[in-house]
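Read off the chains here:
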Amino acid sequence: LAEAQADLEKSRIDTQTSRAALRQARNPSLTPARRAELMDKVTALKNMERQLGKVQGMYQRDFAGQPASRGFGLSEYLPLPAAQEFDKASNQMGPYVMSALGLSGKATDAAAEYRQKVMPFIPSSRSTDTANENTLGSLRDMLDNQYRSTYSELGVPYKPKRQAKTQRASNNDGWHIEEVR
């Protein structure tokens, strides 16, 4: 049993060594410290992706379209629990947006700077469907670009996990035109 465990441990170490050699071959200039930074960034991007998925789900469930059965969009303007939860979840995207934009906490200390640089990327229960869909699309694009650049530096190919992107436009007669890309 002891010999089998020792062989298993040796095999695990050999696998780790092989993976490290492969990573180094993909990007020979990547230092272990920089690789660790990039892996931390991947973890942060996965957290951003989870939060974005939560916000998108809440938007689709509680706000998108607002048919007559949901009060013709009144929930967007009243301080209902769903609107408050959506805004809270959306506001939690702020630190991720700051990181993706390369902003330090100092650049956004002033409320005006935060509103100017970060808030355009934050969906709101009071925004129109078109505005929220564009904002969510911008966040998804930002996330994909961050993944792409991080994976590229790691020497790993990146395949985006794109969802169908819908753009809505409406005219004054209440008609909606949807384009799915």
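Look up a bit, the structure's there.
Starting from 1, residues in each chain are numbered consecutively following that chain's sequence as written. pLDDT decides what is reported in this predicted model: residues at 70 or higher carry local features, side-chain atom pairs at 80 or more are listed and counted, and totals for whole chains, interfaces and linings draw on all residues regardless. Based on all heavy atoms of the structure, the side-chain values leave hydrogens and waters out of the count.

## So, the nonpolar core
To qualify as a nonpolar core, a set must consist of buried Ala, Val, Leu, Ile, Met, Phe, Trp, Tyr and Cys residues joined through side-chain atoms within 4.5 Å. In this scheme, a residue with accessible area under 20% of its type's maximum is buried, one over 50% is exposed, and one in between is partly exposed, where area comes from a 1.4 Å probe on protein chains only. Among the nonpolar cores identified, the biggest contains 28 residues, and Met93 and Leu139 are the most heavily contacted of them. Among the elements of the structure, α2 (32–62), α3 (81–91), α4 (94–100) and α6 (129–154) are those that each provide at least two residues to this core. For this core, the element with the most residues is α2, which contributes 8 residues. Helix numbering and strand numbering both begin at the N terminus, where a helix is a DSSP run of H or I of at least 4 residues and a strand a DSSP run of E of at least 2.

## Some remarks on the pattern of salt bridges
Opposite charge on two side chains lets them pair, provided their charged atoms get close. Here a salt bridge means any side-chain nitrogen of Lys or Arg lying within 4 Å of a carboxyl oxygen belonging to Asp or Glu. Under the criterion given, the structure shown has 5 salt bridges. A salt bridge links Arg34 to Glu37, with the shortest nitrogen-to-oxygen separation between them at 2.8 Å. Here the residue Arg34 and the residue Glu37 both occupy positions in helix α2, the gap between them amounting to 3 residues, near one helical turn. Under the relative-accessibility criterion, Arg34 is labelled partly exposed at 30%. One salt bridge connects Glu49 with Arg140, and the closest N-O pair in it is separated by 3.6 Å. Taken together, the residues Glu49 in helix α2 and Arg140 in helix α6 connect sequence positions 91 residues apart. Residue Glu49 shares its accessibility class with Arg140, and that shared class is buried. Among the ionic contacts, a cluster of salt bridges with common partners joins Arg34, Glu37 and Glu153.

## Description of the environment of Pro28
As for its position among the elements, Pro28 is in the loop between α1 (2–26) and α2. Residue Pro28 is classed as exposed on the basis of its relative accessible area of 60%. When the C-alpha atoms of Pro28 and Gly155 are compared, they prove to be 9.2 Å apart, with 127 residues separating the residues in sequence.

## Details of the packing of α2 against α3
A pair of packed helices is characterised by two quantities: the angle between their axes and the separation of those axes. Lines fitted to C-alpha atoms define the axes here, with helix axes fitted over just the stretch in contact, and angles between the N-to-C directions of these axes take values from 0 to 180 degrees. The contact between α2 and α3 brings their axes to 9 Å, and the two run at 155°. Relative to α3, the element α2 lies roughly antiparallel. Regarding α2 and α3, the two cross each other, and that crossing is left-handed. Facing Gln51, Lys54, Val55, Met58, Tyr59 and Asp62 of α2, the residues of α3 in contact are Ala82, Glu85, Phe86, Ala89 and Ser90. Each angle is binned into one of four classes, with values under 35 degrees roughly parallel, values over 145 roughly antiparallel, values of 65 to 115 roughly perpendicular, and all other values oblique. For a crossing to be left-handed, the near helix must be turned anticlockwise from the far one by less than a right angle; the clockwise case is right-handed. We call two residues in contact whenever any of their non-hydrogen atoms come within 4.5 Å of each other.

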